[in-house]
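Per-entry structural report
So you can see what is in the structure, the chains are spelled out below.
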Amino acid sequence: MKKFLAGALLSVSALTLAACGNEESGELVVGASNVPHAEILEQVKPILEEQGIELKIETYQDYVLPNKDLESGDLDANFFQHIPYLEGQIKDNGYDFVNAGGIHIEPIGVYSKKYKSLEELPEGATIIMSNSVADHGRVLSLLEAKGLIKLADGIDKTAAEVKDVVENKKNLKFDANYEPALLVQLYENEEGDAVLINSNFAIDAGINPLEESIALEDKESPYVNIVAVRAEDKDKKEIKALVDALHSKEIQDFIITEWNGSVVPVN
């Protein structure tokens, strides 16, 4: 009996030590879109490794699962979304998430296989855009900045919807019935007259936003891509180390060199 108890105690002790070891291992699991987010994180791995933090990257092709997996605890952080999208997700789903730091901007672009400029778009042209409501204000603000439409005075333009368009010089028609990841294929298939595509999907498909878009969002866009975490984890040393590494000159220089302006670092 004494041997049994001793063995049991040793087993419990071993499990306790193992559990503590896992907690202190410094492993950090981050969900990210393939491009540019996961590629940026790959460059961060050796920086964190020097600090004893093992960075594991889980890649996603959609905008829904990374937040679900962050809430469930499958991820420690995610890096794929901009601030208005995060705010919308928190409002709609009750997530207790916070912005741990802004990293870069991916200017959204207008693409067309039929026309070489916005000026060439015909009367009644069909503009295809994402069904993500968080992107609608962004798209409409871009079209307003380019002089094609005017939004109602006094509205929050990040939350603008098609119904907020008060002037539409070319009587543009807006088709917002597609998942963001499908927009590249619609562009390649020459659907509609123009397609609004987020730069991460364009770059992932081998499209250079600077060369192929017929209009590109201004670099001063408020749509900064951020690292999101559960509120309870915002002060964890691993999270702070991740954001510091992403803000480092080494990583900012990598972003500038790798994407030549189609992805713009912020600090």
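In the block above lies the structure referred to throughout.
What about the sheet that holds strand S2 (residues 54–60)?
Taken in spatial order, the six strands make up an open sheet running S2-S1-S3-S12-S4-S13, and their pairing is mixed. Both outer strands of the open sheet, S2 and strand S13 (264–265), are each paired with one neighbouring strand and no more. Relative to strand S12 (residues 224–230), strand S4 (residues 97–105) is paired through seven bridges, and the arrangement is antiparallel. From the neighbouring strand, Val 98 faces S12, where its bridge partner is Val 229. Helix-sheet contacts for helix H2 (residues 34–49) involve strand S1 (27–33), S2, strand S3 (77–82), S4 and S12, and the interaxial angle to S2 is about 175°.

A few points about the packing of aromatic side chains
According to the stated counting rule, one finds seven aromatic pairs in the structure shown. Ring centres of Tyr 63 and Phe 201 lie 5.4 Å apart, and the angle between their planes is 40°; this geometry places the pair in the tilted category. Here Phe 201 lies in helix H7 (residues 199–204) and Tyr 63 lies in the loop between S2 and helix H3 (65–72), a separation of 138 residues in the sequence. The same class applies to Tyr 63 and to Phe 201, which are both buried. Relative to Tyr 85, the ring of Phe 80 lies with its centre 6.1 Å away and its plane at 75°, an arrangement referred to as edge-to-face. The exposure classification of Phe 80 matches that of Tyr 85, with both residues buried.

Focus: the pairing of S4
One ladder, built from two bridges, connects S4 with S13; its direction is antiparallel. The residue of S13 that forms the bridge with His 104 is Pro 265.

Quick word on helix H5 (residues 133–145)
An ideal rise of 1.5 Å per residue puts 18 Å on 13 residues; H5 measures up with 19 Å between its terminal C-alpha atoms. Taken across its 13 residues, H5 has 10 buried, putting it largely inside the fold. Inspection of H5 places Ala 134, Asp 135, His 136, Gly 137, Arg 138, Val 139, Leu 140, Leu 142, Leu 143 and Glu 144 among the buried residues, and these make up the whole buried set.

Definitions and limits used
Residues numbered from 1 in each chain as written. Predicted model: local features only at pLDDT ≥ 70, side-chain atom pairs only at ≥ 80, totals over all residues. Heavy atoms only, no water. Pairing = 2+ DSSP bridges. Helix = DSSP H or I, 4+ residues; strand = E, 2+ residues; numbered from the N terminus. Contact = heavy atoms within 4.5 Å. Axes fitted to C-alpha atoms, helices over the stretch in contact; angles between N-to-C directions. Phe/Tyr/Trp six-rings, centres within 6.5 Å; stacked < 30°, edge-to-face > 60°. Buried < 20%, exposed > 50% of the residue type's maximum accessible area, 1.4 Å probe, protein only. Expected span 1.5 Å × (residues − 1).

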